[in-house]
Every structure is written in structure tokens, then in C-alpha cells.
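This is what each chain is made of:
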Amino acid sequence: MSNLPDPIDRRDLRASDSDRERIALLLREAAGEGRLSLPELDERLARLYEARTYAELQPLIADLPYEELSTRARQRAFDEIAVGGTPKMAVAFMSGFQKRGSWSVGSSFTAITFMGGGELDLRDARLIEGEVTIRVYACMGGVKVIVPPDADVHVNGMAVMGGFGHNTEGRPGRGPRINITGFALMGGVDIRRKERKGTGQGPKPTS
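Here goes a summary of the coordinates provided. Treat the numbers as computed from the prediction; the structure is a model and nothing was measured.

The next subject is the environment of Val-160. Among the structural elements, Val-160 can be located in strand 9 (residues 152–160). Accessibility expressed as a relative area gives 37% for Val-160, which makes it partly exposed. Separated by 24 residues in the primary sequence, Val-160 and Ala-184 place their C-alpha atoms 6.3 Å from one another.

Printed below as a string of C-alpha cells:
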């Protein structure tokens, strides 16, 4: 008779903050693809941050195609789609989001806030297409967009009972082109140029 202990059911193990963040990013990606409605996304995120074990996390993605992958492949999908891939959307309903550091951006990215806030820091982002269109929709909330000092920024947004920053346009041909558009209702979109972290340098001089 074997004295080996019974195998541990991984579903009963405690999930970490990084596990929850991977699931959160995956859910936001699914909403961006139209697999989840925005109310469904909000409801699942609320359940996500109350979850303590892997068994509680599993139902949140059980009806998404990512669950069809093996555990190892699914983990790789989390890393590629949610972290190292090209996210297309960030949503904050009475909450917040941040995209900072080294992250990849495709040809477009959409940010939505409702009674919440968000920050998109593009200084160290990798613009895969060399140009990106950022669409921002803020309702009773705000979004801060930080661009590198040499970016060629074009802003074409509107605001009602709020503000949509237009003070960073110009400088054509000096850096990546960033188009920022959208709408703010009783909220604001703040667009700022800042030095890249650790450089200690401002905008490059014109030639």
C-alpha cells in the first residue's frame, strides 16, 4: 500500500494578485473583441477581485475560447494576449486602469471610463505600426494620456461640460505619430508631454 500523499487539487490553491490581473486583462481583451458586453465585463471583474482560489477564477473564463487550451497553453495565452501582446481596450467603471512601462500598441487603442479614471503612458510603449490612434471616451471621469516629448501628436476630440486637451499638437516628423480622438461628457481628457523616464532630457532640438 502506498504511503504517498494524495495529489493536490490545483483548483483549491490560493490565487495570487498576478493571477487575478492576468484574468482581468483577459476579460478586458474579450470585451474588446465583443465576446462580453460592458455590463458583463463589470460584473465579472467584481467577482474576480473577490475570488480567492483557482476554482473561483475558472468560471469567469469558462465560456471564453481561451479555456479550451491546456493549462500550460492557457498560461502562455495569458502572457501573450493580456501582457505581451497588443491589447486593444481599457475600461474603467467606477474603478481605474493604468498602462505604463513597456507595452505594445497596435494601430488603435480605445479607453473608456465611467465614473472612473485611467492613465495611458506611451513614453516607453512600442508602437507596432509606427502610428497609433487613441480613442478616449470619458463620462463623469477622466483619462490622462502621456506622450513622449518628440511625438507628433494630433488631437481631435470634443467635450461637453468637461475638457479635452489640445495643447500638445504640432512637431511633425520628430517622433511617432499619435492621433487622439474621442469625447468627454462631464469629464476630461488630459494630454501631456513628459520626458522619458530615466533620460533627464526634454524634447530633442530641431535640426
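Our focus in this paragraph is helix 1 (residues 17–32). The end-to-end C-alpha distance of helix 1 is 23 Å, a good match for the 22 Å that 16 residues give at a rise of 1.5 Å each. For helix 1, the full list of buried residues reads Asp-19, Arg-20, Ile-23, Ala-24, Leu-26, Leu-27, Arg-28, Glu-29, Ala-30 and Ala-31. Taken from the residues just after helix 1, Gly-34 is the one with a positive phi, measuring 85°.

Ordered by their spatial adjacency, 5 strands build an open sheet running 2-5-8-12-10, and the pairing between neighbours is parallel. Two strands in the sheet have a free side with no partner beyond their single neighbour: strand 2 (96–99) and strand 10 (163–164).

A few words now on the packing of helix 1 against helix 2 (residues 38–48). Their axes nearest at 10 Å, the elements helix 1 and helix 2 cross at an angle of 175°. Here helix 1 lies roughly antiparallel to helix 2, going by the angle between them. Every residue of helix 2 that contacts helix 1 at Arg-20, Ile-23, Ala-24, Leu-27, Arg-28 and Ala-31 is listed here: Leu-41, Arg-44, Leu-45 and Leu-48. Of the residues contributing to the contact of helix 1 with helix 2, the split by class is 7 nonpolar, no polar and 3 charged.

Next up on the list: helix 2. Listed in full, the buried residues belonging to helix 2 are Leu-41, Arg-44, Leu-45 and Leu-48. End-on view of helix 2: buried residues confined to an arc of 105°, all on one side of the axis.

Enumeration according to the criterion identifies 1 aromatic pair in this entry. Consider the rings of Phe-93 and Phe-114, whose centres lie 6.0 Å apart with planes at 45°: the pair is tilted. Here the residue Phe-93 occupies a position in strand 1 (residues 89–93), and Phe-114 occupies one in strand 4 (residues 108–114), the gap between them amounting to 21 residues. Relative accessible area serves as the criterion here: at 24%, Phe-93 is assigned to the partly exposed category. Owing to a relative accessible area of 30%, Phe-114 belongs among the partly exposed residues under this scheme.

Rules used in this analysis
Residues numbered from 1 in each chain as written. Predicted model: local features only at pLDDT ≥ 70, side-chain atom pairs only at ≥ 80, totals over all residues. Heavy atoms only, no water. Helix = DSSP H or I, 4+ residues; strand = E, 2+ residues; numbered from the N terminus. Buried < 20%, exposed > 50% of the residue type's maximum accessible area, 1.4 Å probe, protein only. Expected span 1.5 Å × (residues − 1). Pairing = 2+ DSSP bridges. Axes fitted to C-alpha atoms, helices over the stretch in contact; angles between N-to-C directions. Parallel < 35°, antiparallel > 145°, perpendicular 65-115°, else oblique. Contact = heavy atoms within 4.5 Å. Nonpolar A, V, L, I, M, F, W, Y, C, P; charged D, E, K, R; others polar. Arc of directions from axis to C-beta. Phe/Tyr/Trp six-rings, centres within 6.5 Å; stacked < 30°, edge-to-face > 60°.

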